[in-house]
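The residues making up each chain are set out below.
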Amino acid sequence: MEPQNPQTNQPENELTSSETGTPSPIAAALQREHPEWTSEVIEALGETTIVVPREHIVDACAFLKTAPGLEFNFLSDLCGFDRGPEEEPRFEVNYHLFSTTKFHRVRLKVVLNEDDAHVPSVTGVWRTANWHERETYDLFGVIFDNHPDLRRILLPDDWQGHALRKDFPLRGYEPYSLE
Amino acid sequence: MGLENVLAESLPEILTTQLDSLINWARKSSLWPATFGLACCAIEMMNATSGRNDLARFGSEVFRASPRQADVMIVSGRVSRKMAPVLRRIYDQMPEPKWVISMGACATSGGVFDNYAIVQAWTKLFQSMCTFPAAPRDRKC
Amino acid sequence: MSTSVANIPPQFEIVDQPLDTQMTISMGPQHPSTHGVLRLELVLDGESVVKATPDIGYLHTGMEKLFEYRKYQQGIVITDRMDYLNPLGNNLAYVMAVEKLLQIEIPERAQIIRVLTCELQRIASHLVWLGTHALDIGAMTVFFYAFREREKILNMIESASGGRLTPSYFRIGGLMMDIPAGFERRVKQFLDDFPHAVEEFHKLITGNRIFQKRTQGVGYISAEDAIDWGLSGPCLRGSGVKVDVRRTNPYCGYDNYDFEIPVEQDCDVWARYMVRMREMIESHKIVTQALARLRPGPVKADAPKVVLPDREAMKTHMDALIHHFLIVAEGFDVPPGEVYHPIEASKGELGVYVKSTGGPKPARVHFRGPSFVNLSALPHIAQGEMIADVVAIIGSLDIVLGEIDR
C-alpha cells in the first residue's frame, strides 16, 4: 500500500523537514471556510499547528472530520500542557488528528486561562476522546464541559491537586503511609 | 567463631545460612507463590517458570491466583499509592507462615521512580521479607 | 440455654429474598488474566455482560512528571519501563521525537540496526501476547513454546545492549554502541529457525477447534467503531482497516523495505489473532532485508554537542573530553518547539509529544500509549458478551498496564 497523499505536501516523517512559510492546505481549507475558527497557524518541523478559539473547537473538529479532502476521522491523541503558574494563558490542550484515508496529520491547540480552565468536550465527535479528556482532567485540572463521565482516571478519587501542573511538587505533598 | 556468629550477635534480625541449605529447604518446602505481577519484573517472573530457568526445580512452579493457597508473595514491580492498600490486603489474606519477596529495585526502594505516584519503601510495611534490589537485567544476577 | 429467634438482631436476620437479576462483580486488580493490574467492574445479567467499566491507575508511575525533571538523555531509561514488552519501540519513539526537535540526521547503519532490533522486539512482544493469550483461553503448552523463542530474541538484544528487558539501546543521535561481533550470525540462525516455530504455533492452536470456538465471532468491533474508538495496530487491522504507521507516515527508512500489512475482515478476536500471527512473518521478512543491508559505518550522528564521544577520542582529544563532560553534567540544549512523533509499536500507534521551551530538560513529554486507547474501547466491545469471553477480549487487545498507567 502506497501512501496516497494527494491533499498534502507535508513530509511529516522526515527528520530534517523544516519547511516554514509554506501554508498548509489543511489550515488553508479551514481558514477558507471559517476564518473566525483559526486564530493562528504555526508551521514548524514539518508539522502544522492550528490554534483554535475555545468556543469553536467542537465545530472545527466536526468540520475537519467530515470535510471532503480532509477527513480527519481519527483522533490520535489529546494532551494538556501547563506553561507554568506565572504564565497567562496558562494551559494548552493539544489535539492530534489523523486521517485513516488521507494519512495526513494536524495539531489543533486551545489555550486556556487558569481561572477559567473550561473547554468543550469533543467526545461527541470522536468517542476515543473520552479517556484522553479524563486523563487531562486528572493531571491538569482542565474541565471538559459536556463530558459524559468526567472522573479521575489514573490517580485515586480522593487525590488532592493535579499532578502534572508545574506547581505540583515532584514527590507530592506528603510521604505515603497506609494509615 | 565464624562470620555468622558475629552477624548473629550484632544483627539479630538477620539470618545467615549456606546457600545450599537454603535451596534444599526451599525445595523441601515447595513454596507456592501468589501471582502478584505488577510491572516489568512480572514478565521475568513468568519467564522464571519457562523452560530456560525452570523454577520447577525448586518445587514452586505452581503460581496460585488465590492468596489463600499461596506461601510466598512475589511483589514484582513498582507499587503505586493506589496499589499499596490492595497489596496489604492480599498479604493479610495469605495463611501463616508466609513470606514476601520484593523483586527488583522499583519494588524495593522505588528505583528510578522517585516521585509522587510510587510508594518508596513499602517494604517497611511487612515483617518477613526478602529483597533482591536489581532491575531485571540478566538471569545471572 | 435456648437461643430464641427474638435474640438475633434484625440486621443479622436471614431473609429469603429472590436474587436480583443483575449483579456487579469486581475483576482485578490482581486477577491472573487481566495482564497486570487492571480492574474491571462488570455488571452482569446472568452470564452476559451488561456493562464493563475498566478502572486503571494501579500502576500509575508518574513518568510524564519525571521526564520534566530529567535531562533529555535520562528520559530514555524511563521509556523502557512503559511498554515493557516492546521497550525498543518506546526508546525509538522518544529518541526520534527529540531528534526531530534537534534536527539531527542519523547514519544509515544506525537506522538499519534500529529497524532490525525493533522488528525483533516486535516478534518478542507478539510471542508474549501469544503465550499469555493462549494461557488465558486455557492452552498452557503454547506459553512454553512462545517463551522459548522469545528467550532467543532477548539473548540477542542483551548481547547488543547489555539489558534483557530494559535495553535503553537507542540514544539521541544513534545507538549506544555498535552491535557486537557474531550478532549477525545469531540473527541469521534465529531467522532460519523461526518459520518452523511459527508452524509449530499454528499446529498447536490455530487448528484447535476449542480455540476457534472461543475466539471466532467473539469481541466484534466494526471498522467504523474501531476508528471512532481510536483503535490502532493489530486491533484496527483486525477490523479491516489497512493503516500502519510504517506505511502511512514512514520513519527510519521503512518505506524502503518490502513487506505486507496483514489485514483481516472478521473484526473479532480470531481476526486480531490472525493479524498478529501474520505480522510475525512480516517482521521476519523485514529483519531478513535489514540484515542484508548492513554495511560497516558509523552508528552515531556527527553532532558532538549531543552525542557522547568515543572512549578513544576522549583520551586523545581535549574537545571530545569537554563535550563529554558537558553532555553528562549539564545536558544539551534543545531549541524551543513541539513535535508529535508516531511510530508503529507492537500494540499500535505509539505517539510521543515532546515540547521544549529551551534548556536541557523537556517542558512536557506525553505518550499516546496504544494500549491506553485500545483498552478504552473495551466497554464497547465487551457489552453483550459472555463473562468468560471478556478474558479472551482482553487478551486480544494485547494491553500492557505499564503503558496504560504510565
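Numbering of residues begins from 1 in every chain and follows the order in which that chain's sequence is written. Here every chain gets a letter starting at A, and every ligand a number starting at 1, in the order they are written. With the structure being a predicted model, the display of local features is reserved for residues of pLDDT at least 70 and the display and counting of side-chain atom pairs for 80 or more, all residues being used for whole-chain, interface and lining totals. Excluded from the side-chain calculations are hydrogens and water; all other atoms, namely the structure's heavy atoms, are used.

### Quick word on the pattern of salt bridges
A side-chain nitrogen of Lys or Arg and a carboxyl oxygen of Asp or Glu constitute a salt bridge if their distance falls within 4 Å. Counted according to the given criterion, the structure contains 47 salt bridges over all chains. In this structure, the salt-bridge partner of R364 of chain C is E64 of chain C, at a minimum N-O distance of 3.1 Å. One end of the pair, R364 of chain C, is in strand β8 (residues 364–368); the other, E64 of chain C, is in helix α1 (residues 63–67), and 300 residues separate them in sequence. Neither R364 of chain C nor E64 of chain C differs from the other in exposure class; each is buried. Residue E282 of chain C is joined to K285 of chain C by a salt bridge in which the shortest nitrogen-to-oxygen separation is 3.2 Å. Note that E282 of chain C and K285 of chain C are positioned in helix α11 (residues 269–293) at a spacing of three residues, about one turn of the helix. Here the salt bridges share partners, and the residues they tie into one network are E47, R83, E92, R107 and K109 of chain A together with K100, E338 and K355 of chain C. Helical segments are the DSSP runs of H or I of at least four residues, strand segments are the runs of E of at least two, and each set is numbered from the N terminus. Accessibility here uses a 1.4 Å probe with only protein chains present; expressed as a share of the type maximum, an area under 20% marks a residue as buried, one over 50% as exposed, and anything in between as partly exposed.

### So, the packing of aromatic side chains
Pairing of aromatic rings covers Phe, Tyr and the six-membered ring of Trp, with a centre-to-centre limit of 6.5 Å; geometry is then stacked below 30 degrees between planes, edge-to-face above 60, and tilted otherwise. Scanning the entire structure with this criterion turns up 20 aromatic pairs over all chains. Relative to F170 of chain C, the ring of Y169 of chain C lies with its centre 5.8 Å away and its plane at 40°, an arrangement referred to as tilted. Residue classification places Y169 of chain C among the buried positions, given a relative accessible area of 1%. One Lys or Arg, K82 of chain B, reaches over the ring of Y58 of chain C and ends 5.0 Å from the middle of that ring. A cation sits over an aromatic face here: R276 of chain C above W129 of chain C, 5.0 Å from the ring centre. Two thresholds decide whether a charge sits over a ring: the Lys NZ or Arg CZ must be within 6 Å of the ring centre and within 35 degrees of the ring normal.

### Here's the deal with the interface of chain C and chain A
By the convention used here, residues are in contact when the closest approach between their heavy atoms is within 4.5 Å. Between chain C and chain A, the residue contacts involve 54 residues of the former and 49 residues of the latter. In this assembly, chain C packs against chain A so that about 4700 Å² is buried in total across both faces, 58% of it on carbon and sulfur atoms. Here chain C is connected to chain A by nine salt bridges. Between R406 of chain C and E135 of chain A there is a salt bridge, and its shortest N-O distance comes to 2.6 Å. Counted as a polar contact is a pair of N or O atoms within 3.5 Å, where, for protein atoms, one must be capable of donating a hydrogen and the other of accepting one, and residues adjacent in sequence contribute only when both atoms are in side chains. If you look at where chain C meets chain A, you find 22 residue pairs in polar contact (both at pLDDT 80 or more). We call Asp, Glu, Lys and Arg charged. Ala, Val, Leu, Ile, Met, Phe, Trp, Tyr, Cys and Pro are nonpolar, and the rest, Gly among them, are polar. In terms of residue class, the side of chain C that touches chain A is made up of 26 nonpolar, 11 polar and 17 charged. When two components associate, each loses some accessible surface as probed by a 1.4 Å sphere; the sum of these losses over both components is called the buried area.

### Digging into the sheet that holds β8 of chain C
Residues and elements named next belong to chain C. Two strands pair under a simple rule: DSSP has to find at least two bridges between them. Taken in spatial order, the three strands line up as β6-β7-β8 in an open sheet, and their pairing is antiparallel. What marks the edges here is a single partner per strand, and that holds for β6 (337–344) and β8. Direction aside, neighbouring strands of the sheet carry axes that sit 10° apart on average. With five bridges joining them, strand β7 (residues 349–356) and β8 adopt antiparallel strand pairing. Considered in β8, the bridge of Y353 is made with H366. The axes are straight lines fitted to the C-alpha atoms, using for helices just the contacting stretch, and the angles between their N-to-C directions are given from 0 to 180°.

### As for the domain arrangement of chain C
All names here are of chain C. What the domain assignment lists for chain C is domain 1 (10–55) and domain 2 (63–405). For the purposes of this description, domain bounds are those given by an automatic or database domain assignment. Summarising the inter-unit geometry, the C-alpha centres of domain 1 and domain 2 are found 35 Å apart. If you look at the interface, domain 1 gives 18 residues, while domain 2 gives 18 residues. When the area that domain 1 buries against domain 2 is broken down by residue, the three leading residues are H35, E47 and V49, summing to 39%. Inspection of the region where domain 1 meets domain 2 yields four residue pairs in polar contact (both at pLDDT 80 or more). Mapped by element, the contributors of at least two residues to the side of domain 1 that touches domain 2 are β1 (22–27), β2 (39–45) and β3 (48–55).

### Here we look at the interface of chain A and chain B
The interface is formed by 16 residues belonging to chain A together with 10 residues belonging to chain B. Overall, the association of chain A and chain B removes approximately 1100 Å² of surface from exposure, summing both partners, and the carbon and sulfur fraction of that is 66%. The interface formed by chain A and chain B contains one salt bridge. Residues R171 of chain A and D114 of chain B are paired through a salt bridge, measuring 2.8 Å at the closest nitrogen-oxygen approach. Inspection of the chain A/chain B interface yields two residue pairs in polar contact (both at pLDDT 80 or more).

### Some words on helix α5 (residues 141–161) of chain C
One turn of the α-helix equals 3.6 residues, which is why residues spaced by three or four share an orientation. The terminal C-alpha atoms of α5 of chain C lie 30 Å apart, and with 21 residues this matches the ideal 30 Å at 1.5 Å per residue to within 8%. At the exit of α5 of chain C stands G162 of chain C, carrying a positive phi of roughly 95°. Here the expected span of a helix is defined as 1.5 Å times the quantity of residues minus one.

### A look at α11 of chain C
The end-to-end C-alpha separation of α11 of chain C is 36 Å, in line with the 36 Å expected for 25 residues at 1.5 Å each. Counting buried residues in α11 of chain C gives 19 out of 25 residues, a clear majority hidden from the surface.

### What to know about the packing of helix α4 (residues 108–137) of chain C against helix α6 (residues 183–206) of chain C
All names here are of chain C. Two elements in contact, α4 and α6, have axes separated by 13 Å at closest approach and are oriented at 25°. Taken together, α4 and α6 sit at an angle that is classed as roughly parallel. Note that α4 runs across α6; the crossing there is left-handed. Within the contact between the two elements, α4 uses L116, T117, L120, I123, L127, L130 and A134 and α6 uses F183, V187, F190, F194, F201 and I205. Residue composition of the contact of α4 with α6, by class: 12 nonpolar, one polar and no charged. Convention used here: angles under 35 degrees read as roughly parallel, angles over 145 as roughly antiparallel, angles from 65 to 115 as roughly perpendicular, and any remaining angle as oblique. Crossing chirality is assigned from the near helix's rotation relative to the far helix, an anticlockwise turn below a right angle marking it left-handed and a clockwise turn marking it right-handed.

### Here we look at a nonpolar patch on the surface
Residue and element names in this part refer to chain C. Residues enter patches when their relative accessible area tops 30% and they take part in no salt bridge; the joining distance is 9 Å for like charges and 5 Å for the nonpolar side chains Val, Leu, Ile, Met, Phe, Trp and Tyr. Computed with a 1.4 Å probe, the accessible areas rest on the Shrake-Rupley method; for each residue, only the protein chains presented here act as cover. Taken together, the side chains of M318, L321, I322, F325 and L326 define a hydrophobic patch exposed on the protein surface, amounting to about 490 Å² of accessible area. You can see L321 is positioned in helix α13 (residues 318–329). In this structure L321 comes out as partly exposed when scored by relative accessible area, which is 37%.

### Observations concerning the pairing of strand β2 (residues 72–76) of chain B
Residues and elements named next belong to chain B. Most of β2 is tucked away: five of the five residues are buried. The alternating pattern of β2 places V72, I74 and S76 and M73 and V75 on opposite faces, both of which are buried. The pairing of strand β1 (residues 33–34) with β2 spans two bridges and is classified as parallel. Bridged to A34 within β2 is M73. Bridging between β2 and strand β3 (residues 99–103) involves five bridges; their strand directions are parallel. For I74, the partnering residue across the bridge sits in β3 and is I101.

### Thoughts on the packing of α4 of chain C against α5 of chain C
Residues and elements named next belong to chain C. The geometry of α4 relative to α5 is characterised by a closest axis approach of 9 Å and an angle of 160° between their N-to-C directions. Accordingly, the angle class assigned to the pair α4 and α5 is roughly antiparallel. Remark: the crossing between α4 and α5 carries left-handed chirality. Together, L120, Q121, I123, A124, L127, V128, L130, G131, A134 and L135 of α4 and V142, F143, A146, F147, E149, R150, I153, L154, M156 and I157 of α5 make up the contact between the two elements. Class assignment of the residues belonging to the contact of α4 with α5 gives a composition of 16 nonpolar, two polar and two charged.

### Quick look at the sheet that holds β1 of chain C
Whenever strands of a sheet pair, they do so through backbone hydrogen bonds, lying parallel or antiparallel. Residues and elements named next belong to chain C. Strand order in this open sheet of three strands is β1-β2-β3, and the pairing throughout is antiparallel. The open sheet has two free edges, formed respectively by β1 and β3, since each of these has just one partner strand. With direction set aside, neighbouring strand axes in the sheet form an average angle of 20°. The sheet contact formed by β1 and β2 spans six bridges and is antiparallel. Among the inter-strand pairings, M27 is bridged to a residue of β2, identified as L40. This element, helix α16 (residues 387–397), spans β1, β2 and β3 of the sheet and lies at about 145° to β2.

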